[in-house]
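Single-letter residue listing:
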Amino acid sequence: MFKYITKRLYQMILVLFVVSIIVFFVMSFTGDPVLMMVTPDATQAQIDRARTELGLDKPLITQYFIFVKNILRGDFGKSYVFKQSAIKLIIERMPATLELVFVSVLLSIIVAIPLGVFAGAFPNKRSSKTIMLGSLLGISLPNFWVGMMLIFVFAVHFRVMPSSGRGEVVNFLGMRISIFTADGFKHIILPAVMLSIQSLAILLRLTRAGMMEVMKQDYIKFARSKGVLQNSLLFQHALKNALIPVITVFGIQIGKIIAFATVTETIFSWPGMGKLLIDSINRSDRPVMVAYLMIVAFIFVLLNFIVDIVYTSIDPRIDLR
Amino acid sequence: MVEKLLEVKDLKTYFHTFKGIVKAVDGVSFKLNKGEILGIVGESGGGKSVTGFSILKLIDDPGKIENGEILFNGENLVNKSEKEMKKIRGSKISMIFQDPMTSLNPLYTIQQQIGEVLKIHTNMNAEQRKQRCINLLDDVGIPQPEARLKSYPHQFSGGMRQRAIIAAALAAEPELIIADEPTTALDVTIQAQILRLMKKLVKEKNTSLLLITHDLAVVAEMVDRAIVLYCGQVMETGKIDDLIHQPIHPYTYGLLNSIPRLNDQKKRLSQIEGMVPNMFELPKGCNYAPRCDYCQERCLKEEPKIREIYEGHRVSCHYPLSREGSHE
Ligand SMILES: Nc1ncnc2c1ncn2[C@@H]1O[C@H](COP(=O)(O)OP(=O)(O)OP(=O)(O)O)[C@@H](O)[C@H]1O
Ligand code: SF4
Ligand SMILES: [Mg+2]
């Protein structure tokens, strides 16, 4: 187990290293940040001075090594716009995003698993077919459109839900969290619904497919011949087996939820790091973009690691080596 | 003193498929006494498994028990609800499946899978259940049972898994065990061990056993009586010695002739010609007619009815054989 974890840690570092290369060089080809920063009537001399100040006049390779050196010290540079540490900006906004992602993931799981189990165990029932139709809609409707429809219906037409912001926040473990206040909870519902719909539908379909496969297995029939009750048959004997392939895919789905949070946060003016990213892209605020990408890459890698651990702890046939 | 445990009367289990109705079990009747071992034999597709699953009412869509009675201790299981059946499954009647490699849940330990039966059907506490699991594993001949409790199925060999499955089937001391080809997936030496073990355990506890197999050689050593199924119908039934030494139905005779060990006086091994008929287009008259060496006009027109030839021996054939190989 220990050996496995150290091996995985090495892999994680390697992946992050590769990501840093890609991020840095791709960033270097996207627009000239200097032009965005200086006033439109700046002279060439002023532009050049800004360029030197930012270190953008050095060769790319040198810039990259400076970049890596700084990252290792936790320094992603200063935001061109806010004149503040980029990483601090991101971390300030991270709780809002993580909260939204957490609620969305939870919502997906709570809704998708029971429905998926039901639809997989009783595929011929009419309700199962309705569930499947619903999930198909969930997958195919464009995300941003769903968000806008939610705002239109619940915030504009019926005026029952707020359409933007986080509402009231409280301090929790040093983070500003909104789900613990009634107002904040109300604010998170619509964005969380929008953000979860697609992954919910995918999780549901995967669970159903897994269940359908598992229900045909001999061990299910054997369990039935032992008189195992319906609930324990479906949610223990069958679901546990059905989830093994689902878990891997769902790990990737959580990553996708984080990525899609940028869109949701923009639509709902949710003050998270996704919205910060979009704002930074609009302003060519390169250090913030880079910091965001590196942080998200780190979260992805960490998620994958956790998924693998969960996966191996469920399936005794996998030997950790 | 023989006491009747199970009586199946005119059981019909049909599958309503897209292509048509499959009469997997079509009017099967038999009795099983307490402590008796009854064999169900026949070729693949004869309806043996479906008969077994029908008794536990584990027939899934599109299958349905259409007709008949399954009297277990005098109570008709056909009329029982799913809830009542759950109480019977595992406690009064349990089942052993063909493939030990796939019948155990890969994600649960051996102890969990045997203990589950006790958890559902007895009032034992966790400690008692553990002790009982150890005893059961010991009974079925698994060495160092205590150390094996926490093993997962993939850590067991096929033979050991089947022993664990037998332990689970015996856990709640059922009155009837249905074993569907329990040794077909195992190699020959293990087969013999498992069969001997089953016979011993069943006889010790006076449990009845319904042994489903396509292998008459297996049946010969194990069972007291046997029924021969073909296309969902009983062809012949009687004491195993009579069936083996004096088969009366041409189909039983054909089955016997295709076993090497039982007719060593013959040089060549014969085989039943032809194939099991398509279940959607069963022949008119006798189902066996297209393959039968003794088929006559009447067999093609009229379906034979099962009748008693002598005490305890029943046959469904217009022209039963009198002595081995010869005709009446
Ligand atoms: N779920 C099902 N749907 C349709 N037909 C089925 C189904 N299950 C069984 N049958 C049909 O019922 C008939 C009897 O099947 P059964 O499994 O009882 O045969 P068997 O005697 O046990 O054969 P084997 O030796 O291969 O196990 C077969 O013709 C089979 O095609
Ligand atoms: S009834 Fe006729 S065809 Fe059928 S088994 Fe008897 S002799 Fe053969
Ligand atoms: Mg079978």
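What you see is a predicted model, and the numbers here were worked out from it, not measured in a lab. (Residues numbered from 1 in each chain as written. Chains lettered and ligands numbered in written order. Predicted model: local features only at pLDDT ≥ 70, side-chain atom pairs only at ≥ 80, totals over all residues. Heavy atoms only, no water.)

Before going further, it helps to examine the site of ligand 2. All names here are of chain B. Neighbouring ligand 2 are His249, Pro250, Cys286, Tyr288, Ala289, Cys292, Tyr294, Cys295, Cys299, Cys317 and His318. Applying the majority rule of atoms within 2 Å of the grid points places ligand 2 in the largest cavity. Broken down by class, the residue content of the shell around ligand 2 amounts to 9 nonpolar, 2 polar and no charged. (Near = heavy atom within 4 Å. 1 Å grid on protein atoms, 1.4 Å probe; cavity = no way out; pocket = protein on both sides within 12 Å on 5 of 7 lines; lining within 4 Å. Sits in = over half its atoms within 2 Å of the grid points. Nonpolar A, V, L, I, M, F, W, Y, C, P; charged D, E, K, R; others polar.)

When pLDDT is averaged across chain A, the result is 89; 99% of the residues are at 70 or more. Highest mean pLDDT in chain A belongs to helix 9 (residues 218-225) of chain A (95); lowest belongs to helix 2 (residues 33-37) of chain A (72). (pLDDT = per-residue confidence, 0-100. Helix = DSSP H or I, 4+ residues; strand = E, 2+ residues; numbered from the N terminus.)

Residue and element names in this part refer to chain B. Ordered in space as 2-1-4-5, the 4 strands form an open sheet in which the pairing is antiparallel. Each edge of the open sheet carries a strand with a single partner, namely strand 2 (20-33) and strand 5 (75-76). By the bridge criterion, 11 bridges tie strand 1 (residues 4-17) to strand 2 in an arrangement that is antiparallel. Of the residues in strand 2, the one forming a bridge with valine 8 is phenylalanine 30. (Pairing = 2+ DSSP bridges.)

Moving on, we come to the environment of phenylalanine 300 of chain A. Along the polypeptide, phenylalanine 300 of chain A turns up in helix 12 (residues 286-314). Not counting residues up to four positions away in its chain, the partners in contact with phenylalanine 300 of chain A are Gly255 and Lys256 of chain A. (Contact = heavy atoms within 4.5 Å.)

Residue and element names in this part refer to chain B. Residue aspartate 61 is joined to proline 62 through a cis peptide bond whose omega torsion reads 0 degrees. Phi is positive for glutamate 181, which is not a glycine, with a value near 45 degrees. A residue is classified by how much of its surface remains accessible, and glutamate 181, at 8% relative accessible area, is buried. Despite not being glycine, cysteine 231 has its phi angle at roughly 50 degrees, a positive value. By secondary structure assignment, the location of cysteine 231 is in the loop between strand 9 (225-230) and strand 10 (233-239). (Buried < 20%, exposed > 50% of the residue type's maximum accessible area, 1.4 Å probe, protein only.)

Residues and elements named next belong to chain B. Per the stated rule, a full pass over the model turns up 20 salt bridges over all chains. We note a salt bridge from glutamate 43 to arginine 291, for which the minimum N-O separation is 3.0 Å. One end of the pair, glutamate 43, is in the loop between strand 3 (37-41) and helix 1 (48-55); the other, arginine 291, is in the loop between helix 11 (250-257) and helix 12 (297-301), with 248 residues separating them in the sequence. A salt bridge links glutamate 204 to lysine 200, with the shortest nitrogen-to-oxygen separation between them at 3.8 Å. Of this pair, glutamate 204 and lysine 200 both sit in helix 8 (residues 188-205), 4 residues apart, which is roughly one turn of the helix. (Salt bridge = Lys/Arg side-chain N within 4 Å of Asp/Glu carboxyl O.)

This part covers the layout of surface pockets. Each pocket or cavity is described by its volume, and for the largest pocket that value is around 1,100 Å³. Around the largest pocket, the lining is made up of 35 residues, and of these Ala121 and Arg224 of chain A together with Ile59, Asp60 and Asp61 of chain B lie nearest the centre. Within the residue set of the lining of the largest pocket, elements represented by two or more residues are helix 5 (86-121), helix 8 (182-215), helix 9 and helix 10 (230-267) of chain A together with helix 1, strand 4 (63-72) and helix 2 (82-88) of chain B. A total of 4 residues in the lining of the largest pocket trace back to one element, the largest contributor, which is helix 9 of chain A. (Points joined across faces, edges and corners; volume = space filled by probe spheres on them.)

This next bit is on the interface of chain A and chain B. Listed as interface residues are 21 residues of chain A and, on the opposing side, 27 residues of chain B. Overall, the association of chain A and chain B removes approximately 2,300 Å² of surface from exposure, summing both partners, and the carbon and sulfur fraction of that is 59%. Among the residues of chain A in contact with chain B, Phe222, Arg224 and Lys226 of chain A are the three that bury the most area, contributing 30% of the side total. Here arginine 224 of chain A and aspartate 60 of chain B are joined by a salt bridge, their closest N and O atoms 3.2 Å apart. Along the contact surface separating chain A from chain B lie 11 residue pairs in polar contact (both at pLDDT 80 or more). Contributions of two or more residues to the side of chain A that touches chain B are made by helix 9 and helix 10 of chain A. The greatest single-element share of the side of chain A that touches chain B, amounting to 7 residues, is contributed by helix 10 of chain A. Across the side of chain A that touches chain B, the residue classes tally to 7 nonpolar, 7 polar and 7 charged. (Buried area = accessible area lost by both parts, 1.4 Å probe. Polar contact = N/O pair within 3.5 Å; in protein donor to acceptor, adjacent residues only side chain to side chain.)

A turn of α-helix holds 3.6 residues, and therefore any two residues three or four places apart point the same way. Counting buried residues along helix 11 of chain B, 8 of its 8 residues qualify, which places the element largely inside the surrounding structure. Residues of helix 11 of chain B that are buried include every one of Pro250, Tyr251, Thr252, Tyr253, Gly254, Leu255, Leu256 and Asn257 of chain B, and no others.

Of all hydrophobic cores here, the largest spans 98 residues; its most connected members are Ile55 and Leu176 of chain B. Here the element with the most residues in this core is helix 7 (residues 158-170) of chain B; it accounts for 8 residues. Every residue in contact with leucine 176 of chain B, bar those within four places of it in the chain, is listed here: Leu5, Leu6, Leu32, Ile55, Phe72, Lys92, Ile93, Ser94, Thr207, Ser208, Leu209 and Leu210 of chain B. Counting 65 residues, the second largest nonpolar core, distinct from the first, contains Ala192, Leu234, Phe250 and Ile254 of chain A. (Core = buried A, V, L, I, M, F, W, Y, C linked by side-chain atoms within 4.5 Å.)

Here we come to the pairing of strand 10 of chain B. Residues and elements named next belong to chain B. Counting buried positions along strand 10 gives 6 out of 7 residues, so the element sits mostly inside the fold. Bridge analysis of strand 9 against strand 10 gives 6 bridges, and the strand direction is antiparallel. Across the sheet, residue isoleucine 227 finds its bridge partner in strand 10, namely threonine 237. Hairpin connection from strand 9 to strand 10: 2 residues lie between these consecutive antiparallel strands, with cysteine 231 at a positive phi of about 50 degrees. For strand 10 and strand 12 (residues 313-315), the ladder comprises 2 bridges, and the chain directions are antiparallel. Among the inter-strand pairings, glutamate 236 is bridged to a residue of strand 12, identified as valine 315.

The next subject is the site of ligand 1. Residue and element names in this part refer to chain B. Close to ligand 1 lie 14 residues, the nearest being Ser44, Gly45, Lys48, Ser49 and Val50. Contact between ligand 1 and glycine 46: an oxygen atom at 3.1 Å from a main-chain N or O atom of the residue. Measuring from an oxygen atom of ligand 1, one finds a side-chain N or O atom of lysine 48 at 2.9 Å. The fraction of the free accessible surface of ligand 1 (630 Å²) that becomes covered by protein chains is 67%. Only strand 1, strand 2 and helix 1 provide two or more residues apiece to the shell around ligand 1. Looking at the shell around ligand 1 element by element, the count peaks at 3 residues for helix 1. Looking at the shell around ligand 1 residue by residue, the classes come out as 5 nonpolar, 6 polar and 3 charged. (Areas by Shrake-Rupley, 256 points an atom, 1.4 Å probe, with all protein chains shown as cover.)

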